[in-house]
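Residue-level structural notes
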Amino acid sequence: MADIIDLTFLADVRRFFHKLIDQRGLSYFLQKDGARLFHIEPTKVELVLRTALRARDPELPRPHEKAIEHCRKEVRRELIRRVANAMLQTGL
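Overview of the structure. (Residues numbered from 1 in each chain as written. Predicted model: local features only at pLDDT ≥ 70, side-chain atom pairs only at ≥ 80, totals over all residues. Heavy atoms only, no water.)

It is worth spelling out the nonpolar core at this point. Within the largest apolar cluster, 21 residues are counted, with the highest numbers of intra-cluster contacts made by Phe 9, Val 13, Phe 17, Phe 29, Val 48, Val 75 and Leu 79. Looking at this core, the elements that each hand over two or more residues are helix H1 (7–24), helix H2 (42–55) and helix H3 (65–90). (Core = buried A, V, L, I, M, F, W, Y, C linked by side-chain atoms within 4.5 Å. Buried < 20%, exposed > 50% of the residue type's maximum accessible area, 1.4 Å probe, protein only. Helix = DSSP H or I, 4+ residues; strand = E, 2+ residues; numbered from the N terminus.)

The subject of this paragraph is the side chain of Arg 56. For Arg 56, the position within the fold is in the loop between H2 and H3. Once you skip the residues sitting within four places of it in the chain, Arg 56 turns out to touch Asp 6, Thr 8, Phe 9, Asp 12, Pro 61 and Pro 63. (Contact = heavy atoms within 4.5 Å.)

Under the defined criterion, the tally for this structure stands at two aromatic pairs. For the pair Tyr 28 and Phe 29, a centre-to-centre distance of 5.4 Å together with 85° between the ring planes defines the contact as edge-to-face. Looking at Phe 29, the relative accessible area reads 0%, which means it is buried. Through a chain of ring-to-ring contacts, three or more aromatic side chains come together here, namely Phe 17, Tyr 28 and Phe 29. (Phe/Tyr/Trp six-rings, centres within 6.5 Å; stacked < 30°, edge-to-face > 60°.)

On to the pattern of salt bridges, then. Under the counting rule described, the total for this entry stands at eight salt bridges. In this structure, Glu 78 engages Arg 82 in a salt bridge whose closest nitrogen and oxygen atoms are separated by 2.8 Å. Here the residue Glu 78 and the residue Arg 82 both occupy positions in helix H3, the gap between them amounting to four residues, near one helical turn. Given a relative accessible area of 25%, Arg 82 falls into the partly exposed group. Through salt bridges with shared partners, one network takes in Arg 14, Glu 74 and Arg 77. (Salt bridge = Lys/Arg side-chain N within 4 Å of Asp/Glu carboxyl O.)

Next up on the list: H2. In this model H2 runs 20 Å from its N-terminal to its C-terminal C-alpha over 14 residues, within 8% of the 20 Å that 1.5 Å per residue would give. Where H2 is concerned, the buried positions are Lys 44, Val 45, Val 48, Leu 49 and Ala 52. Here the buried residues of H2 occupy an arc of 145° about the axis, which is enough to place them on one side. Structurally, H2 contributes buried residues whose contacts are with H1 and H3. (Expected span 1.5 Å × (residues − 1). Arc of directions from axis to C-beta.)

Here it is, written out as structure tokens:
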């Protein structure tokens, strides 16, 4: 059976992600402590997903777990792309 992806949920997740990254910047999603300079903080990714889930119409069913996992991966991919771009711009 094909994986079911809830496109409205994915659009909501992307919208909330772009709002957060525009308001707070890329550094908001990165860990402040530790030896790894550009390490993505998983709690911030989960914050985007939880916000999108709470903003959904209560009459709609909860998205499938695979759809939620897909959205989590999409947010992480976008963050990795932006971190790599920032690293290239700074010359690291």
